[in-house]
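Commentary on secondary and tertiary structure
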Amino acid sequence: MRNIHRRTLLKGAVATVIMPAFTRASTSEILLRAKPASVQLVDADHPQTQIWGYNGGVPGPQIRAVQGDQIALRLSNDLVQPTSVHWHGLRVKNSMDGVPGITQKAVLTGEEFLYQLNLRDAGTFWYHSHNRSAEQVARGLYGVMVIVEPDAPDVDRDIVVVLDDWRLDEVAQISEPFGNLHDHSHAGRLGNFIHAMFDSLPAQMATNERLRLRFVNTATDRIMPISLRGVSGWVVARDGMPLKKLEPLGILTLGPAERADVIIDVTAEHDGEVLLIFHDRNQGYVLNDFRVSGAAATVRRPKPTPLSPNPIETLVSVAGARTIPLRMQGGAMGDLQEGLYKGKMLSMRDLVGQGQIWTLNGEAGLPVEPLFETPLHATIVFEMRNDTAFAHAMHLHGTHFQEVLPNDTFGPHKDTVLIQPGEARDFAFVADNPGKWLIHCHMLSHQSAGMKTWFRVG
Ligand code: C2O
Ligand code: CU
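Structure report, in brief. (Residues numbered from 1 in each chain as written. Chains lettered and ligands numbered in written order. Predicted model: local features only at pLDDT ≥ 70, side-chain atom pairs only at ≥ 80, totals over all residues. Heavy atoms only, no water.)

Concerning the side chain of Ser84
Condition: Every helix listed is a DSSP run of H or I at least four residues long, and every strand listed is a run of E at least two residues long, numbered separately from the N terminus. We call a residue buried when its accessible area falls under 20% of the maximum for its residue type, exposed when it is over 50%, and partly exposed in between, using a 1.4 Å probe and counting protein chains only. Throughout this description, a polar contact denotes any pair of N or O atoms lying within 3.5 Å of each other; where both atoms belong to protein, one of them has to be capable of donating a hydrogen while the other can accept it, and for residues adjacent in sequence the pair is counted only when both atoms sit in side chains. Working rule for contacts: check all heavy atoms of both residues, and any pair within 4.5 Å makes them a contact.
With respect to the secondary-structure elements, Ser84 resides in the loop between β7 (70-77) and β8 (85-88). For Ser84, a relative accessible area of 0% corresponds to the buried category. Reaching out from Ser84, the side chain makes a polar contact with the backbone oxygen of Gly98 at a distance of 2.8 Å. Excluding anything up to four places from it in sequence, Ser84 contacts Tyr54, Leu75, Gly98, Pro100, Gln104, Tyr115, His128, Ser129, His130 and Asn131.

Below, the structure written as structure tokens:
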């Protein structure tokens, strides 16, 4: 096991913040007011941090609803910039997807937009700004959505754990500027304050207690490898979608925007502890520790069964599917010489002059014409190839895809996948949601520096 240091990355800070109480979605509208606010992000020895958040907090209100519900959310913009909300991982109608310039106009200061969502899938999802997102999400414009299964598994506690990474100065204020060229051309804007925010913080845990933890990596660019000590458990869902086969819980690596639902049993004994650890270059940092006191039961429960599947199509074959190459290039230590940007071929130097550093299939930024168009119900295979020196968290809007594995087998449904340098992996989906959809890197610094494109279904 690795070294464990009792500190987070920003010196002195041990971070535990409780999120605002959740909002139970009902037939009435939920208001999401995007506005500046100050919150106690770091410990009480530091001043409050000025953020931008929904309804004055970060994360924004947690939206809890039941699978099958229809909900309405009114975004009202009290920011100095236009904004929009994207419902990450939810299979919504295209006009509700929240992408300025593609599915709606950005919502200007003082204006509103009403989002109406049909919650087809149960699971752990999140929402965030999709305008200038590298800045707006870094400032705190995000929240979690928990869509409850009608037959939710039996656990003692169900807890949302948001993992975020902030770049703060000595007085705990968000460092500016955004869009620094060095960040954008490397691993993105990495912060110096990594923390875990629990929506309800157990004062202590008990032996044999069973918890469901819903991890959400909301960081703009940071990959989060985490683990838990003093428990044994299983990953039961990824990106909101139940796994057919539970995975034993080891180190869980979540790229930006990825989620994992984990069911754990506390195995530590009375007076022991449960640790949440962030792993970085062979070091472990304790993000949170929980004292174990007493026992919830004398014996552990039996292994949980998989969650009921969501009503999304599962692939059985990609025979005859249309393949779409998706080649990632650019960035520092890459060999990109030139790229298309706004219809013009530019040298790498001129691209950088435009803040564009990454390309998909040789083009930076959103192309005028879609990357491809497909009739409804066709099967599409993205042949992803990472020809860069950095990992990318590739995110598909509108549906989930599955990795194409040997012998007509397929990986779990995912909406965001971490593709390491040099990797070539294929992901397939059935194009059953009509409209204009993005596919982009969810390292939001990379996205804003070019790594995005779109396609049309139907
Ligand atoms: Cu979570 Cu296009 O975004
Ligand atoms: Cu990237």
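Considering empty space enclosed by the protein
Threshold: Cavities and pockets were defined on a 1 Å grid built over protein atoms only: a cavity is a set of grid points that admits a 1.4 Å probe from which the probe cannot escape, a pocket is an open set flanked by protein on both sides within 12 Å along at least five of seven lines, and lining residues are those with an atom within 4 Å of any such point. Grid points are joined across faces, edges and corners, and a volume is the space filled by probe spheres set on the points. The nonpolar class holds Ala, Val, Leu, Ile, Met, Phe, Trp, Tyr, Cys and Pro. Asp, Glu, Lys and Arg form the charged class, and all remaining residues, Gly among them, are polar.
Scanning the entire structure with this criterion turns up four cavities of 30 Å³ or more. The calculated volume of the largest cavity comes to roughly 80 Å³. Every residue lining the largest cavity is listed: Ala138, Asp164, Asp165, Trp166, Arg167, Ile174, Arg189 and Thr220. Within the lining of the largest cavity, the residues separate by chemical class into three nonpolar, one polar and four charged. Space inside the second largest cavity adds up to approximately 70 Å³. Lining the second largest cavity, in full, are Ile312, Glu313, Leu315, Thr399, His400, Phe401, Gln402, His413, Ala428, Phe429, Val430 and Asp432. Counting only elements with at least two residues in the lining of the second largest cavity, the list comes to β31 (401-405) and β34 (424-430). In terms of residue count, β34 provides more of the lining of the second largest cavity than any other element does, three residues in total. Among the residues forming the lining of the second largest cavity, the class breakdown is six nonpolar, four polar and two charged.

Spatial relationships are all this shows, so hold off on functional conclusions.
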